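Observations on the model geometry
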Amino acid sequence: MIVVESLCADRCGTRVLADVSLAVAAGEVAVLVGPSGGGKSTLLRCLSGLEAFVSGTVAIAEHRLTPGPQPADRLERIRRDVGMVFQQFHLFPHLTAIGNVALAPRVVRGLPAEEARDRARSLLERVGLARFADAWPATLSGGQQQRVAIARALAMEPRVLLFDEPTSALDPTMAGEVLEVVAELARGGQTMVIVTHDHAFARRAATQVIEIVAGRVARRGSPGELL
Ligand SMILES: Nc1ncnc2c1ncn2[C@@H]1O[C@H](COP(=O)(O)OP(=O)(O)OP(=O)(O)O)[C@@H](O)[C@H]1O
Ligand SMILES: [Mg+2]
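Residues numbered from 1 in each chain as written. Chains lettered and ligands numbered in written order. Predicted model: local features only at pLDDT ≥ 70, side-chain atom pairs only at ≥ 80, totals over all residues. Heavy atoms only, no water.

Another aspect to go through is the overall build of the chain. Within the chain, the secondary structure is distributed over eight helices and ten strands. The C-alpha radius of gyration computed for the chain amounts to 17 Å, which stays within 12% of the reference 17 Å derived for 227 residues, consistent with globular compactness. Expressed as lengths along the three principal axes of its C-alpha atoms, the size of the chain is roughly 45 × 40 × 30 Å. Within the span of the chain, comprising 227 residues, buried residues form 52% of the whole. Long-range pairs, those at least 24 residues apart, make up 65% of the contacts in the chain with a sequence separation of at least 6. Carbon together with sulfur atoms contributes 52% to the accessible area of the chain, which is approximately 10100 Å² in total. (Helix = DSSP H or I, 4+ residues; strand = E, 2+ residues; numbered from the N terminus. Rg over C-alpha atoms; globule rule 2.2 N^0.38 Å. Buried < 20%, exposed > 50% of the residue type's maximum accessible area, 1.4 Å probe, protein only. Contact = heavy atoms within 4.5 Å. Areas by Shrake-Rupley, 256 points an atom, 1.4 Å probe, with all protein chains shown as cover.)

Moving on, we get to the site of ligand 1. By nearness alone, every residue bordering ligand 1 is listed as Arg 11, Cys 12, Val 16, Pro 35, Ser 36, Gly 37, Gly 38, Gly 39, Lys 40, Ser 41, Thr 42 and Glu 165. Thr 42 is positioned with one of its side-chain polar atoms (N or O) 2.6 Å from an oxygen atom of ligand 1. The contact in question runs from an oxygen atom of ligand 1 to an N or O atom on the side chain of Glu 165, over 3.5 Å. When ligand 1 is considered free in solution it has 630 Å² of accessible area, and contact with the protein chains removes 59% of it. For the shell around ligand 1, the class distribution of residues is three nonpolar, six polar and three charged. (Near = heavy atom within 4 Å. Polar contact = N/O pair within 3.5 Å; in protein donor to acceptor, adjacent residues only side chain to side chain. Nonpolar A, V, L, I, M, F, W, Y, C, P; charged D, E, K, R; others polar.)

Let us now look at the sheet that holds strand E4 (residues 55-60). The strand order across the open sheet formed by four strands is E2-E1-E4-E5, and the pairing between neighbours is antiparallel. Each of the sheet's edge strands pairs with one partner strand only, and the pair in question is strand E2 (14-24) and strand E5 (63-65). With strand direction ignored, the average angle separating the axes of adjacent strands in the sheet is 25°. Sheet topology places strand E1 (residues 2-11) next to E4; five bridges connect them, and they run antiparallel. Within E4, the position partnered with Glu 5 by the bridge is Thr 57. In the packing of helix H1 (residues 40-47) onto the sheet, contacts are made with E1, E2, E4 and E5, and the angle to E1 comes to roughly 120°. (Pairing = 2+ DSSP bridges. Axes fitted to C-alpha atoms, helices over the stretch in contact; angles between N-to-C directions.)

Considering all chains together, one arrives at zero aromatic pairs under this definition. The positively charged end of Arg 152 is found above the aromatic ring belonging to Phe 92, 5.0 Å away from the centroid. (Phe/Tyr/Trp six-rings, centres within 6.5 Å; stacked < 30°, edge-to-face > 60°. Lys NZ or Arg CZ within 6 Å of the ring centre and 35° of its normal.)

A few words on the packing of helix H5 (residues 142-154) against helix H6 (residues 172-187). Two elements in contact, H5 and H6, have axes separated by 8 Å at closest approach and are oriented at 20°. With respect to H6, the axis of H5 lies roughly parallel. Judged by the twist between their axes, the crossing of H5 over H6 is right-handed. From H5, Gly 142, Gly 143, Gln 146, Arg 147, Ile 150 and Leu 154 reach across to H6, where they touch Met 174, Glu 177, Val 178, Val 181, Val 182 and Leu 185. Along the lines of polarity and charge, the residues of the contact of H5 with H6 split into seven nonpolar, three polar and two charged. (Parallel < 35°, antiparallel > 145°, perpendicular 65-115°, else oblique. Left-handed = near helix turned anticlockwise from the far one by under 90°.)

Let's shift gears to unusual backbone geometry. For Asp 19, which is not glycine, the phi dihedral falls at a positive 60°. Here Asp 19 lies in strand E2. The partly exposed category is assigned to Asp 19, whose relative accessible area is 45%.

Roughly 570 Å³ of volume is contained in the largest pocket. Around the largest pocket sit 20 residues that line it, and Arg 79, Val 82, Gly 83, Met 84 and Ala 104 are the ones nearest its centre. Residue assignment for the lining of the largest pocket shows that the elements contributing at least two residues are helix H2 (72-81), strand E6 (82-85), helix H3 (97-107) and H5. Counted by class, the lining of the largest pocket contains 13 nonpolar, four polar and three charged residues. (1 Å grid on protein atoms, 1.4 Å probe; cavity = no way out; pocket = protein on both sides within 12 Å on 5 of 7 lines; lining within 4 Å. Points joined across faces, edges and corners; volume = space filled by probe spheres on them.)

What follows is about the side chain of Arg 147. For Arg 147, the location among the structural elements is in helix H5. Its relative accessible area of 9% is what places Arg 147 among the buried residues. Not counting the four nearest positions on each side in its chain, Arg 147 is found in contact with Val 127, Gly 128, Leu 129, Glu 177, Val 178 and Val 181.

Written out as structure tokens, the structure reads:
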């Protein structure tokens, strides 16, 4: 599902990813770990086409990314197949929970409003938020907002989901609720790449762990070997 070969990326004249290669099969959960500033977020953003790289290749969900900015039409196709969940949720504040989840299928996929809302409702149910469909993001806890963000990403039925520290802005109880949802997705065979410092979660859900240090793959292996 993902093959990265010899990926190099620069930021402000400094090499921040150097010769990164990795592969993630369909149904795998790859966890990225490593010290702050090592390049984990940059790598995720290169995988999703959000940021440019200078050399190497990325293939993800049958899309091929090339060095430099991705053409707009390619980016649009990638966005349909590759979902992202961020540390800071980034919900649309002017839309309710269900409005957030129904938006992309309606706008990008052209689903009729009623059908988009029905599907959004069942996704909110899946992340344990059926009661909060009509709530505004500002009235939800951080853990609830993050679960809405996950439902919103799932609404596009992505082939790959990328998570950048989805629980590091949350207290342990809320983080637990979010990780339970992610673990359930893993059991369902969703291909995911997850940046997290939560080694207990990684031991439970990861099929492979990749440690990124100073822009390079320092170690790679099973959670049992690495953590
Ligand atoms: N837009 C940018 N401009 C300049 N430097 C950047 C930019 N984005 C990232 N960097 C640099 O690239 C390196 C990798 O950063 P990145 O955010 O990918 O690390 P990280 O592993 O995600 O760290 P953390 O665990 O703290 O989130 C760092 O040295 C960072 O300062
Ligand atoms: Mg980061």
